[in-house]
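Listed below, chain by chain, are the residues.
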Amino acid sequence: MPQRSLSNEELATKIDTSDEWIVARTGISNRHIAADGELTSDLAYNAAVDALASAGLAATELDLIVLATATPDETFPATATKVQARLGVAGIPAFDVQAVCSGFIYALAVADNFIKAGQARNVLVIGAETFSRILDWEDRTTCVLFGDGAGAVVLRAEDTIEGAGCEQRGIMSTHLHADGRHHDMLYVDGGPSSTGTAGFLRMRGREVFRHAVGNLTSVVIEALEANNMEPEAIDWLVPHQANQRIIDHTAKKLKLPAEKIVLTVGEHGNTSAASVPLALNEAVSDGRIKQGHVILMEAMGGGFTWGAVLARW
Ligand code: UT7
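Residues numbered from 1 in each chain as written. Predicted model: local features only at pLDDT ≥ 70, side-chain atom pairs only at ≥ 80, totals over all residues. Heavy atoms only, no water.

Caption draft 1: Region of interest: the overall build of the protein chain. Helix and strand counts for the protein chain stand at 10 helices and 12 strands. For the protein chain, the proportion of its 313 residues judged to be buried stands at 53%. Counting contacts in the protein chain only where the partners sit at least 6 residues apart, residues at least 24 apart contribute 72% of the total. Here the protein chain contributes 25 positively and 39 negatively charged side chains, and the mean placements of these two sets differ by 4 Å. (Helix = DSSP H or I, 4+ residues; strand = E, 2+ residues; numbered from the N terminus. Buried < 20%, exposed > 50% of the residue type's maximum accessible area, 1.4 Å probe, protein only. Contact = heavy atoms within 4.5 Å. Lys, Arg positive; Asp, Glu negative; His and termini not counted. Charge placed at Lys NZ, Arg CZ, Asp CG, Glu CD.)

Caption draft 2: Summary view of the packing of helix H3 (residues 40-55) against helix H4 (residues 79-87). Where H3 contacts H4, the two axes come as close as 9 Å, and the packing angle between them is 55°. On the basis of their axis angle, the class for H3 and H4 is oblique. By crossing handedness, the relation of H3 to H4 is classed as right-handed. Judged by residue contacts, Thr40, Ser41, Asp42, Ala44, Tyr45, Ala48, Val49 and Leu52 of H3 engage Thr79, Lys82, Val83, Arg86 and Leu87 from H4. Here the contact of H3 with H4 is built from residues that sort into seven nonpolar, three polar and three charged. (Axes fitted to C-alpha atoms, helices over the stretch in contact; angles between N-to-C directions. Parallel < 35°, antiparallel > 145°, perpendicular 65-115°, else oblique. Left-handed = near helix turned anticlockwise from the far one by under 90°. Nonpolar A, V, L, I, M, F, W, Y, C, P; charged D, E, K, R; others polar.)

Caption draft 3: Expanded view of the sheet that holds strand S7 (residues 170-178). The sheet built from four strands is open, its strands ordered S7-S12-S11-S10 with mixed pairing. The sheet terminates laterally at S7 and strand S10 (236-239), the two strands that pair on one side only. The sheet shows a mean angle of 15° between the axes of neighbouring strands, direction not considered. Two strands pair when backbone bridges link them, and strand S11 (residues 294-301) and strand S12 (residues 305-312) are joined in this way by eight bridges, in the antiparallel orientation. Counted as the bridge partner of glycine 301 is threonine 305 from S12. Each of S7, S11 and S12 is contacted by helix H7 (residues 205-226), which is oriented at about 145° to S11, the strand it contacts most. (Pairing = 2+ DSSP bridges.)

Caption draft 4: A look at the domain arrangement of the protein chain. Domain annotation for the protein chain reports domain 1 (5-156) and domain 2 (170-312). Computed from C-alpha atoms alone, the centre-to-centre distance between domain 1 and domain 2 is 15 Å. Taken residue by residue, the interface counts 44 residues in domain 1 and 44 residues in domain 2. Note on domain 1 versus domain 2: buried area summed over both sides is about 3,200 Å², and carbon and sulfur give 63% of it. On the domain 1 side of the contact with domain 2, Cys101, Ile105 and Tyr106 bury the most area, a combined 20% of that side's loss. Within the residue set of the side of domain 1 that touches domain 2, elements represented by two or more residues are helix H2 (19-26), strand S2 (30-32), helix H5 (103-116), strand S5 (122-130), helix H6 (140-143) and strand S6 (148-156). Of the residues forming the side of domain 1 that touches domain 2, the biggest block, eight residues, is contributed by H5. (Domains from an automatic or database assignment. Buried area = accessible area lost by both parts, 1.4 Å probe.)

Caption draft 5: Fine view of the sheet that holds S6. Strand order across the open sheet formed by four strands is S4-S3-S5-S6, with mixed pairing between neighbours. Since the sheet does not close on itself, it has two edges, and those belong to strand S4 (94-97) and S6, each with one partner. Across this sheet, the average inter-strand angle for adjacent strands is 20°, counted without regard to direction. Relative to S6, S5 runs antiparallel, the two sharing nine bridges. Note on S6: the bridge partner recorded for threonine 130 is aspartate 148. Sheet strands in contact with H3 are strand S3 (64-68), S5 and S6, and its direction is about 35° off that of S6. Taken strand by strand, H5 contacts S3, S4, S5 and S6, and its axis lies near 165° from that of S5.

Caption draft 6: Representation of the pairing of S5 within the structure. Counting buried residues in S5 gives nine out of nine residues, a clear majority hidden from the surface. Burial of the side chains of S5 extends over both faces: Asn122, Leu124, Ile126, Ala128 and Thr130 are buried on one face and Val123, Val125, Gly127 and Glu129 on the other. Judged from the five bridges that link them, S3 and S5 form a sheet pairing that is parallel. Pairing of leucine 64 across the sheet is with valine 123, part of S5.

Caption draft 7: View of the side chain of asparagine 215. Structurally, asparagine 215 is set in helix H7. With residues near it in sequence (within four places) discarded, asparagine 215 still touches Met300 and Trp306.

Caption draft 8: Focus on the site of the ligand. Near the ligand you find 21 residues, and of these Thr17, Arg25, Arg140, Arg206 and Asn243 are the closest. In this structure, tryptophan 21 approaches the ligand through a side-chain N or O atom, which is 3.2 Å from an oxygen atom. In the environment of the ligand, a nitrogen atom lies 2.9 Å from a nitrogen or oxygen atom belonging to the backbone of arginine 140. Contact with the protein chains covers 74% of the free accessible surface of the ligand, which is 960 Å². When contributions to the shell around the ligand are tallied by element, the ones reaching two or more residues are H2, H6 and H7. Sorting elements by how many residues they give to the shell around the ligand places H7 first, with four residues. Grouping the constituent residues of the shell around the ligand by class yields 10 nonpolar, seven polar and four charged. Counting the residues that make up the shell around the ligand, at least three belong to each of domain 1 (5-156) and domain 2 (170-312). (Near = heavy atom within 4 Å. Polar contact = N/O pair within 3.5 Å; in protein donor to acceptor, adjacent residues only side chain to side chain. Areas by Shrake-Rupley, 256 points an atom, 1.4 Å probe, with all protein chains shown as cover.)

Okay, here's the thing in structure tokens:
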């Protein structure tokens, strides 16, 4: 996350809001804001370097980079290619995935399919955003909710061990959905082909909330059913960190106890495609997620898009 943090109290000195309102409605206390000149590719690069170090992999061993973002440095080229250049691995494919808050889930699914199709062995998957640049800082209904950040993972192909079944580590299944009829509920009111400007985020919060709980619950059930698993089999739910109330409502519907949920939204707000890897990073770093644990990642965002990934860590 960028160094600069912005608390609810500080926000309340600039717009008509309060720490009490923001915490009660969202669980968010703080968010991080990129410095002037600090770009999505900078956050993405830092996360990529950390992920490669953690995986014990040299950048030269990568054969694909997939970067999820809705706030690219520029309309084109893909921010993934800027990260690639800084990593010094020219030649391998690198591209962005645009599914807003579901971006990391979509990017994981893309990477998993490249690996399972035999077209890549080592894939860097990044979620990176600077949503502070597309917020209308005078709109208190949206600007209090979002923040900047990045997270990354390395997916690595490993040969199948006979008879090991689903006990093997890695992604078990991915589940993606979209419904473009709901464009107007969550969108940015600008773009290269429409206004020629970057635009600002617009949202109908109540409707998004209702759809989020329904779609996330159903996609988690879909992922479990596809793997013949009951909710009790999940060691950790790593949800999109948009709003604690959405996470609580979804967990209640799934009858998942709070102790199995990774919750980091309070510290960084909704960082869109960066939120799932930021939460994953925290729970892996502090030792909660251990090798062999079953983790279920899910997200929902503008489009609408939504999805889930079931994996064994
Ligand atoms: O990836 C998905 C991303 N989207 C989301 O996560 C958003 C999902 N939606 C939500 O989380 C909630 O709808 C919000 C947190 C955005 C809003 O909560 P709500 O309970 O749906 O509130 P509301 O929009 O119905 O507004 C209630 C009141 C209004 O005042 P009146 O009309 O009742 O007098 C708003 O003007 O709260 C007021 N309000 C605020 N007050 C203080 C709205 N924003 C603020 C604010 N501070 N920041």
